[in-house]
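# Notes for the structure review
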Amino acid sequence: MKEQISSRPFHYPRPGAPLSCGSVSLENLARKFGTPLYVYSGDQIAERLHLFQQALAGRDHLVCYAVKANSALAILKLLAGLDAGFDIVSGGELERVLAAAPEAVARVVFSGVGKTAAEIDLALKAGILEFNVESEAELELLAARARKLKTKARFALRVNPDVFADTHPYISTGLREHKFGIDIRRAPAIYKNAAGNRWLEAHGVSVHIGSQIRSAEPFGAAMERVSKLMRQLAREGIALKSVDAGGGLGIDYHTGVPTSRSAAVGWRGGNFDAAEKVREYAEALQSALGDFQGQLLIEPGRFLVAQAGALITRVLHVKRNGKKTFVITDAAMNDLIRPALYQAHHEIVPVRLRAGRPQLVDVVGPVCESGDFFARDRRLGGVEPGDLVALLDAGAYGMAQSSNYNTRLRPAEVLVEGAKARLIRRRETVADLLAPEMI
Ligand SMILES: *Cc1c(COP(=O)(O)O)cnc(C)c1O
């Protein structure tokens, strides 16, 4: 019988044992590498990629990991080694792919509403798979740069399907009122126009409706509209080789966690069924695509890396102000901004559970902003100064969105594979921070 894949690699291996990533104790990692510390399970990232590859095995496909979710070089290298491609949104992200896995550059798609000429040149020279073009002006610029470099640019129009996806407004992108993509009704005219340009090759069409979308339905609806567009183009003699469904499949940030020692026995990271989610998602795309014979690209970011990662932080103080109890950690909003930016929820668990009743607390960082919190009125198993706690599901848009606000040094990062853990980014030093400045 197939063991159910648990949603997180973090669990308490035995009663009284500290939280572990796979078989590696987070207490040991914190002792060795310090805190705050990002810890990722390479095994879970590989497992998630495999779920998508398996679900699409029946057709020509390419899973292009959205680099912006977590751009650690070691993670890019791991994914490239498992045949993933990449979705990039800047020249900097292309440089990361070139540094980590140059052999994968032919599997790169370049998205984003504001590509510069220099970024386009870099990508044309590197020989990426396609540019996902978001405006007519960008297509003109792409043609001009291709002409200059005497090369042909493969492009896909990123169309805006005008589909509503139920997610946070900051990460919803598929409505006409958003800055993203080209009105799908304008697309046929643009493809026809481009057909006369020898520096452009109409390679595909792409769509991306937003992020943290929990239901398969809007992905299917968007793909229906894209399919219709492709059939229309085919009738007019424009046969596209690829269709890019974008990213955006969401995870469950609320999967329960134990708050007491007794409840932790047998807790294996929560039971959000990732495999089932991927099957539903793939099914929605496939049925909308019908008999399309070309290559299907998808661009998952969060779904591959979010649950594989946790931010480990040490409790500095427990402070009472009136009725409120504040747990002050050595991690802050500059290390993980999602709660402050999107009112995002992250489950928080003590690395070593204590006996006693859970308390209602606010978990906050030391940064001088009232927005610097990880949780408000959260029930947390008793924690004392010096204890370690783990912010779960922090593998996506965590380190990638970190900053040096308050001149704080960004965390170190550790990748766990099997029983091995290795540093993939050392903790920053003050010298790193001051290096670009002059007086
Ligand atoms: C951000 C983004 C993605 C990845 O989104 P996730 O929600 O992390 O899967 C994919 N494609 C494009 C164009 C994006 O902007």
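Residues numbered from 1 in each chain as written. Predicted model: local features only at pLDDT ≥ 70, side-chain atom pairs only at ≥ 80, totals over all residues. Heavy atoms only, no water.

## Here we look at the site of the ligand
Around the ligand, a shell composed of 15 residues is seen, among which Lys68, Ser211, Glu299, Arg302 and Tyr397 lie nearest. Take Gly248: an N or O atom from its main chain is 2.8 Å from an oxygen atom of the ligand. Protein burial of the ligand: of its 390 Å² of free accessible surface, 94% is covered by the chains. Tallied by class, residues from the shell around the ligand come to three nonpolar, seven polar and five charged. (Near = heavy atom within 4 Å. Polar contact = N/O pair within 3.5 Å; in protein donor to acceptor, adjacent residues only side chain to side chain. Areas by Shrake-Rupley, 256 points an atom, 1.4 Å probe, with all protein chains shown as cover. Nonpolar A, V, L, I, M, F, W, Y, C, P; charged D, E, K, R; others polar.)

## Here we look at helix 8 (residues 217-235)
Relative to the 27 Å expected for 19 residues at 1.5 Å per residue, helix 8 spans 27 Å between its end C-alpha atoms, a close match to the ideal helical length. Among the residues of helix 8, Pro218, Phe219, Gly220, Ala222, Met223, Val226, Ser227, Leu229, Met230 and Leu233 are the ones counted as buried. Looking one or two residues beyond helix 8, the residue adopting positive phi is Gly237, at roughly 90°. (Helix = DSSP H or I, 4+ residues; strand = E, 2+ residues; numbered from the N terminus. Expected span 1.5 Å × (residues − 1). Buried < 20%, exposed > 50% of the residue type's maximum accessible area, 1.4 Å probe, protein only.)

## Structural notes on the packing of helix 8 against helix 10 (residues 274-289)
At a minimum axis separation of 8 Å, helix 8 and helix 10 run at an interaxial angle of 25°. On the basis of their axis angle, the class for helix 8 and helix 10 is roughly parallel. The hand of the helix 8/helix 10 crossing is right-handed. Taken together, the residues of helix 10 that come into contact with helix 8 (itself represented by Phe219, Gly220, Met223, Glu224, Ser227 and Met230) are Tyr281, Ala284, Leu285, Ala288 and Leu289. (Axes fitted to C-alpha atoms, helices over the stretch in contact; angles between N-to-C directions. Parallel < 35°, antiparallel > 145°, perpendicular 65-115°, else oblique. Left-handed = near helix turned anticlockwise from the far one by under 90°. Contact = heavy atoms within 4.5 Å.)

## Side note on the packing of aromatic side chains
The geometry of an aromatic ring pair comes down to the distance between the two centres and the angle between the two planes. Under the criterion given, the structure shown has eight aromatic pairs. Both rings, one in Tyr38 and one in Tyr40, keep their centres 6.0 Å apart while their planes meet at 15°; by these two values the pair is stacked. Using a relative accessible area of 1% as the deciding quantity, one classes Tyr40 as buried. Relative to Phe86, the ring of Tyr65 has its centre 6.5 Å away and its plane inclined at 75°; by these criteria the two rings are edge-to-face. Linking Tyr65 in strand 5 (residues 61-66) with Phe86 in strand 6 (residues 85-88), this pair joins segments that are 21 residues apart in sequence. Judged by relative accessible area, Phe86 falls into the buried class, the value being 0%. Three or more aromatic residues link up through ring pairs in this structure, and these residues are Phe52, Phe219, Phe272, Tyr281 and Phe303. (Phe/Tyr/Trp six-rings, centres within 6.5 Å; stacked < 30°, edge-to-face > 60°.)

## A word on the sheet that holds strand 3 (residues 24-25)
Here we have three strands laid out as an open sheet, ordered 1-2-3, and antiparallel in their pairing. At either end of the open sheet lies a strand with only one pairing partner, and these are strand 1 (10-11) and strand 3. Sheet analysis places strand 2 (residues 20-21) next to strand 3, joined by two bridges and oriented antiparallel. The residue bridging Cys21 from the neighbouring strand is Val24, located in strand 3. (Pairing = 2+ DSSP bridges.)

## What about the environment of Ala340?
Within the secondary structure layout, Ala340 lies in helix 12 (residues 338-342). For Ala340, a relative accessible area of 27% gives the class partly exposed. When the C-alpha positions of Ala340 and Gly371 are compared, they lie 5.5 Å apart, and in sequence the two are 31 residues distant. For Ala340, the residues in contact, after removing those within four places along its chain, are Met333 and Gly371.

## A short note on the domain arrangement of the chain
Domains assigned within the chain are domain 1 (42-302) and domain 2 (307-434). Here domain 1 and domain 2 have C-alpha centroids that lie 30 Å from each other. Counting from both sides, the interface comprises 31 residues of domain 1 and, opposite them, 30 residues of domain 2. Buried surface at the junction of domain 1 and domain 2, summed over both partners, amounts to about 2600 Å²; 57% is from carbon and sulfur atoms. When residues of domain 1 are sorted by the area they lose upon contact with domain 2, Tyr253, Thr259 and Arg261 head the list and together hold 23% of the total. The interface formed by domain 1 and domain 2 contains zero salt bridges. Along the contact surface separating domain 1 from domain 2 lie six residue pairs in polar contact (both at pLDDT 80 or more). Taken together, the elements giving at least two residues each to the side of domain 1 that touches domain 2 come down to helix 2 (42-55), helix 3 (73-80) and helix 9 (261-264). When its residues are assigned to classes, the side of domain 1 that touches domain 2 shows 15 nonpolar, ten polar and six charged. (Domains from an automatic or database assignment. Buried area = accessible area lost by both parts, 1.4 Å probe. Salt bridge = Lys/Arg side-chain N within 4 Å of Asp/Glu carboxyl O.)

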